[in-house]
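Residue-level listing of the chains:
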Amino acid sequence: MRTVVYPGSFDPLTNGHLDVIARAARLFDRVIVAVAQNGEKQPLFTPEERCTLVRGATRRLRNVETRIFDGLLVDYVRGCDAQAVIRGLRAVSDFEFEFQMALMNRKLDERVETIFMMPKDTYTFLSSRLVKEIARLGGDVRDFVPGNVRVALRKRLKE
Ligand code: PNS
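All figures in this text were calculated on a predicted structure; none of them were measured in a lab.

1. Some thoughts on the layout of surface pockets
Empty space within the largest pocket amounts to approximately 1000 Å³. Pro 7, Gly 8, Ser 9, Arg 87 and Phe 97 are the residues nearest the centre of the largest pocket, which is lined by 38 residues in total. Mapped by element, the contributors of at least two residues to the lining of the largest pocket are strand S1 (3–8), helix H1 (15–27), helix H3 (73–79), strand S4 (84–88), helix H4 (92–108) and helix H5 (128–136). Counting residues per element, the lining of the largest pocket draws most heavily on H4, at 7 residues. Here the second largest pocket defines a volume of roughly 150 Å³. Considering the residues around the second largest pocket, the lining is formed by Ala 135, Gly 139, Asp 140, Val 141, Arg 150, Leu 153, Arg 154, Leu 157 and Lys 158. Here the element with the most residues in the lining of the second largest pocket is helix H6 (residues 147–158); it accounts for 5 residues. Taken together, the residues that form the lining of the second largest pocket break down as 4 nonpolar, 1 polar and 4 charged.

Rules and cut-offs
Residues numbered from 1 in each chain as written. Predicted model: local features only at pLDDT ≥ 70, side-chain atom pairs only at ≥ 80, totals over all residues. Heavy atoms only, no water. 1 Å grid on protein atoms, 1.4 Å probe; cavity = no way out; pocket = protein on both sides within 12 Å on 5 of 7 lines; lining within 4 Å. Points joined across faces, edges and corners; volume = space filled by probe spheres on them. Helix = DSSP H or I, 4+ residues; strand = E, 2+ residues; numbered from the N terminus. Nonpolar A, V, L, I, M, F, W, Y, C, P; charged D, E, K, R; others polar.

Pasting the structure below:
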């Protein structure tokens, strides 16, 4: 059984994340989307809400499960009996931080491999931060996030 963990803040899930999840689901027997409890300082959605949104958007992918995680990623990966971590790489600008994180995780536990996956090229400009900004300013995020996330953004920003 090949298990991989895809960690992130997912505040909120974007179509770029979803594309990476679908690609990972084709390569691995089991994909665990791990929503970081303490990823962002002031998230728009609670970890439970982010988890529910990922579950809603991935319900058709049978080998994908979504959970909240806390603490060190390498400890979580070991606890899941996973062999690797997936991270999305959109552009060279992502590389430095991702490279640092991958090597630090390897230093913490050399059994944990990091695999980088590129989302579809049309999603290279996408980020949760930009999606939130566009939604806050009344822009249309239809092309950038799954339907359930669009509804949740509209609701949250009206509250
Ligand atoms: O979506 P993000 O915000 O880029 O995800 C970053 C995340 C949550 C994957 C990263 O901050 C993380 O792994 N946090 C868990 C704590 C940890 O293990 N830190 C050391 C990383 S080298």
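That was the structure; now back to the text.
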